[in-house]
Amino acid sequence: MATAPIHNGPTRVGIDGSPADGTADKPVHDYVGLGIIVAAVLLFVANGSTVLTDFIRSVLTGTRPHEPMLSVALILNIALLLFGWRRYVDLTREVGQRREAEETAHRLAHTDPLTGCLNRRSISPVLDEMIETARATGHEVVVVMMDLDNFKRSNDAHGHKAGDEVLRQSARRVGDILPERSVMARLGGDEFAFAAIYDPDHVEAIDRLMARISIAINRPIEVEGVVLDITASFGLATSADRANCQPGEAAAKLMHRADLAMYQAKKSGRNRYCWFEQSMENELRFRSELERGIRDGIPRGEFVPFYEKQINLDTGELTGFEMLARWKSPKHGLLSPEIFIAIAEEIGLISELSESLIRQALKDARDWDPRLTLSVNISPMQLRDPWFAQKLLKLLVEANFPPHRLDIEITETCLHENIGVVRTLITSLKNQGIRISLDDFGTGYSSLAQLRTLPFDQIKIDRFFVSNLGKNKDSDTIVEAISSLGKGLNLPITAEGIESIEVLAELRKYGSFKGQGFLYGQPSDADSVRTLLAEGNLLPMGPVEAPDAPAADPEPPRAATA
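Residues numbered from 1 in each chain as written. Predicted model: local features only at pLDDT ≥ 70, side-chain atom pairs only at ≥ 80, totals over all residues. Heavy atoms only, no water.

**Concerning the packing of aromatic side chains**
Taken as a whole and judged by the stated rule, the model has seven aromatic pairs. Taken together, a centroid distance of 5.2 Å and an interplanar angle of 65° make the contact between Phe 303 and Phe 340 edge-to-face. Residue Phe 303 is located in strand β8 (residues 303-312), and its partner Phe 340 is located in helix α9 (residues 337-346); the two are separated by 37 residues in the primary sequence. Centroid distance Trp 327 to Phe 340: 6.0 Å. Interplanar angle 85°. Geometry classified as edge-to-face. Highlighted residues: Trp 327 in strand β9 (residues 317-329) and Phe 340 in helix α9, separated in sequence by 13 residues. (Phe/Tyr/Trp six-rings, centres within 6.5 Å; stacked < 30°, edge-to-face > 60°. Helix = DSSP H or I, 4+ residues; strand = E, 2+ residues; numbered from the N terminus.)

**Here we look at the pairing of β9**
Among the 13 residues that make up β9, twelve are buried, leaving the element largely enclosed by the rest of the structure. Here ten bridges tie β8 to β9, and the two strands are oriented antiparallel to one another. Bridge pairing in β9 links Phe 303 to Trp 327. Hairpin remark: β8 followed by β9, antiparallel, with four residues in the connecting loop; positive phi at Gly 316, about 75°. Where β9 meets strand β11 (residues 373-377), three bridges bridge the pair, whose relative direction is parallel. Bridge pairing links Phe 321 to Leu 374 in β11. For β9 and strand β10 (residues 333-335), the ladder comprises three bridges, and the chain directions are antiparallel. By the bridge assignment for β10, Trp 327 is matched with Leu 335. Hairpin connection between β9 and β10: a loop of three residues separates the two successive antiparallel strands. (Buried < 20%, exposed > 50% of the residue type's maximum accessible area, 1.4 Å probe, protein only. Pairing = 2+ DSSP bridges.)

**Observations concerning the nonpolar core**
In this structure, Ile 294, Trp 368, Leu 374, Leu 406 and Ile 408 are the most contacted members of the largest nonpolar core, which totals 76 residues. Here the element with the most residues in this core is helix α10 (residues 350-365); it accounts for seven residues. (Core = buried A, V, L, I, M, F, W, Y, C linked by side-chain atoms within 4.5 Å.)

**Examining the sheet that holds strand β1 (residues 140-148)**
The strand order across the open sheet formed by five strands is β2-β3-β1-β6-β7, and the pairing between neighbours is mixed. A strand with exactly one partner marks an edge of an open sheet, and here the two such strands are β2 (183-188) and β7 (273-275). The average undirected angle you get between the axes of adjacent strands in this sheet is 20°. Alignment of β1 against strand β3 (residues 191-198), held across eight bridges, turns out to be antiparallel. If you follow Val 143 over to β3, its bridge partner there is Ala 195. Those strands touched by helix α7 (residues 250-267) are β1, β2, β3, β6 (232-238) and β7, and its axis lies near 145° from that of β6. (Axes fitted to C-alpha atoms, helices over the stretch in contact; angles between N-to-C directions. Contact = heavy atoms within 4.5 Å.)

**Here's the deal with the side chain of Asp 149**
Looking at where Asp 149 falls in the secondary structure, it is placed in the loop between β1 and α4 (151-158). For Asp 149, the side chain forms a polar contact with the side chain of Lys 266, separated by 3.1 Å. At 3.0 Å, the side chain of Asp 149 and the backbone nitrogen of Asn 271 are in polar contact. Those residues in contact with Asp 149, other than ones at most four positions away along the chain, are Thr 231, Ala 232, Ser 233, Lys 266, Arg 270 and Asn 271. (Polar contact = N/O pair within 3.5 Å; in protein donor to acceptor, adjacent residues only side chain to side chain.)

**Focus on the side chain of Lys 460**
Note that Lys 460 resides in strand β14 (residues 458-461). Overall, Lys 460 belongs to the buried group, its relative accessible area being 0%. For Lys 460, the side chain forms a polar contact with the side chain of Glu 496, separated by 3.3 Å. Those residues in contact with Lys 460 that lie beyond four places of it in its chain are Gln 310, Glu 322, Glu 409, Ser 437, Leu 438, Asp 439, Asp 440, Phe 441, Thr 494, Glu 496 and Gln 516.

**Details of the packing of α7 against helix α8 (residues 278-300)**
In contact at an axis separation of 10 Å, α7 and α8 are set at 85° when each is read in the N-to-C sense. As judged from the angle between their axes, α7 and α8 are roughly perpendicular. Together, Lys 253, His 256, Arg 257, Leu 260, Ala 261, Gln 264 and Lys 267 of α7 and Gln 278, Met 280, Glu 281, Glu 283 and Leu 284 of α8 make up the contact between the two elements. Of the residues in the contact of α7 with α8, the class split is four nonpolar, three polar and five charged. (Parallel < 35°, antiparallel > 145°, perpendicular 65-115°, else oblique. Nonpolar A, V, L, I, M, F, W, Y, C, P; charged D, E, K, R; others polar.)

**Points about the packing of α8 against α9**
Taken N-terminus to C-terminus, the directions of α8 and α9 make an angle of 75°; their axes are 10 Å apart at the nearest point. Compared by their axis directions, α8 and α9 come out roughly perpendicular. Contacts between α8 and α9 involve Arg 287, Leu 290, Glu 291 and Ile 294 from the first element and Ile 339, Phe 340, Ile 343, Ala 344 and Glu 346 from the second. Split into classes, the residues belonging to the contact of α8 with α9 amount to six nonpolar, no polar and three charged.

See below:
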């Protein structure tokens, strides 16, 4: 940096957190060995000249020495000198080897062997000390979390060797740009953290630093002839914001905040950096509350099915309902699925949640008119469960619900995850008499071959295209094409998102459809649906028996029109 924003002091923090000015522990000497050697030398100097001459003369002439005892003492003195030197050399070598082993163990314990950066366990104490040092001189510390975008996918596609090289070069590129007294750590996988001292009067220097780092990271990396394009997302937090930071906890707090900012950068499109804002922590706290609420709410029965009408647009008759999930949270009230479904999927509870809703919906729909169908959406994660078909059939048996009245809706994007598994599941469910619909059609780029080979019973047009009829030419064209496709494949079509008379009029231009949307009313709970059906004489007086075979295109009920 050319100006004074990022501090360039004379001392750089070493890779293991020690000063990098070349200072180290002083060598340990063998003072016992040195004492023996010094004593032997002094004794030899004091008596060696006289005794040595007499000893050599006796050896050469074969005569007896004048002082035999002194000659023996001379020999012992020489032996003692050799022993002392040998002991000194051996012990010094052993101490050196031991110190080298200790340094190696220390380095391995505190650094990442692949990149040479600090590791997760060693970054916090170094960062705490760095913050205190910076504040003593009127400076602050910026902590940056870096995560390489789509690294796992690239690693799986090109192998771990290429992935390791990407990590090494990314760490090297950032390290070459960081100023003096900076630290950098690899926290695990493709996630790094680094920190630099800056002048709070020149915060703009951080933006210049991040621009240089982004440019360096974005340079392609070539590994064995394969060119890899790399981008990264960054989250920044500064020690200047000292709210709720206790002494000794500043490093952990800053890394937590930088991590939140980094995930916000990923949510905003990746290949960018974001500063921490307090709203991010509030959002995380709210999410944590939702996670705990979902875990506790499923066994408590807080998640309930709501039902949206499905209408025959030609006759206006009610043909069935689509089940929609709602959460009656004691703390937050009635919540829509957009808030909790994605979280339930991420924490691995979507199957348990979905099964509880389907179980209740089957019990509710069992008492409806037998000509009314029940549509249920299936999560992509449930499609990966090889036992899903058996679980669903068990629920049907428990509720004594006719399979032909159940319509399972599979989103179009699921077809691209594992077409083989989806085909097996669809076939298994179809063999039991369950109907299968392709939901959100028009958003997942299904091929005609998939539509012909997979035994779907109907297509549902995504609500985005339907709600924009008459406003967007592309939506008009897509709806017209889907209508023609349905006629060609002999597949009935249901249009979602009918919210106004104008949209309904535009939709009728393209053929005969079933439809659903807010034009026909808001989704209702089970009691409201029972009231509606009772008013239309669509609640049988006695228990409904499942027919032996699915009815072919039953006439829709004539009561309870939209």
